[in-house]
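The chain contents come next:
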Amino acid sequence: ITSGTEVNRIIPSIANSDGISCLSYSPNSEYLLAGGINGEILLFNLLTDQEEYFFYGHQDWVNQINFLQNGDQFVSASRDGLAILWDLNSGRFIRSFVGHNGDVRSAIQIANTNLIITGSEDQEIIVWNSETGEAVGSPLKGHLGPINDLAILPNTNYLLSCAEDNTLQVWDVNRQQLMHRYTDLSDLFTSLQFAGSGKRVITGHSSGIGYIWSAS
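Report follows, based on the coordinates. All values derive from a computational prediction rather than experimental measurement.

Here the focus is the state of the cysteines. Under the definition given, this model contains 0 disulfides. Counting only cysteine sulfurs, Cys162 is the nearest neighbor of Cys22, a cysteine outside any disulfide, at a range of 16 Å. Take Cys22: its relative accessible area is 10%, and that puts it in the buried class.

The following block contains the structure:
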């Protein structure tokens, strides 16, 4: 990254079909997951430069993939309206999270908990128990447009969400309450990510511009 020099070029077989829609690195940097427009997910071993196996379960475009903290499982979000929890080592489907009425665009874990959070085109955020697949409490409602991305402030239960209503919202997941709403920009939010220890938030926008925010 510092030199800008290409180290290795990976062209998974999934790229030769309908194309790659998202990527995720494992916490130990040994694996790369590639989500496909066709709904398939490919596990690629970065140590051997070999494809290991596919995960089949989604029926449409995979929007996002995120590893769980243990590194042995991951969760995927798809246009088919589902989020799915997978076992990395066996390649098996564990369970799906069913409850959204539209495209699921983001699925993440709160570290050190069994909670999975999903955000959807239906403008709702749902908190799930990853061990049972059941929703925890009622959906979080506050956005007036499709939710594009979610992020958890490191070492907290505070959730950030961004949506096509041009707002960035902060939630207390434990209380299931909206804490803050930021509406300073007219530029559509498409993605967000905490930087470093969480003191900064980076947001992407439809204009092609990125912004850096102070998390304080």
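The next subject is the side chain of Asp187. Turning to its location among the elements, Asp187 is positioned in the loop between β16 (177-182) and β17 (189-195). Among buried charged residues, Asp187 stands out as having no salt bridge; its nearest opposite-charge side chain is Arg105, 14 Å away. Of the polar contacts made by the side chain of Asp187, one reaches the side chain of Ser206; its length is 3.5 Å.

Turning our eyes to something else, we now look at the sheet that holds β17. Note on sheets: strands pair through backbone hydrogen bonds, and any given pair is parallel or antiparallel. Taken in spatial order, the 3 strands of this open sheet run β17-β18-β19, and their pairing is antiparallel. The open sheet has two free edges, formed respectively by β17 and β19 (210-214), since each of these has just one partner strand. Between one strand and the next, the sheet's axes are offset by a mean angle of 25°, whatever the strand orientation. Bridge count for β17 against strand β18 (residues 200-205) is 6 bridges, and the pairing is antiparallel.

This paragraph deals with the pairing of strand β14 (residues 158-163). The buried fraction of β14 amounts to 5 of the 6 residues, a majority that puts the element mostly inside the structure. As judged from the 5 bridges shared by strand β13 (residues 147-152) and β14, these two strands associate in the antiparallel manner. Along β14, the bridge assignment pairs Ala151 with Leu160. Between β13 and β14, which follow one another and run antiparallel, lie 5 residues, and Asn155 among them has a positive phi close to 65°.

So, how was this worked out
Residues numbered from 1 in each chain as written. Predicted model: local features only at pLDDT ≥ 70, side-chain atom pairs only at ≥ 80, totals over all residues. Heavy atoms only, no water. Disulfide = S-S within 2.5 Å. Buried < 20%, exposed > 50% of the residue type's maximum accessible area, 1.4 Å probe, protein only. Helix = DSSP H or I, 4+ residues; strand = E, 2+ residues; numbered from the N terminus. Lys, Arg positive; Asp, Glu negative; His and termini not counted. Salt bridge = Lys/Arg side-chain N within 4 Å of Asp/Glu carboxyl O. Polar contact = N/O pair within 3.5 Å; in protein donor to acceptor, adjacent residues only side chain to side chain. Pairing = 2+ DSSP bridges. Axes fitted to C-alpha atoms, helices over the stretch in contact; angles between N-to-C directions.

Function cannot be inferred from these measures alone, as they are strictly geometric.
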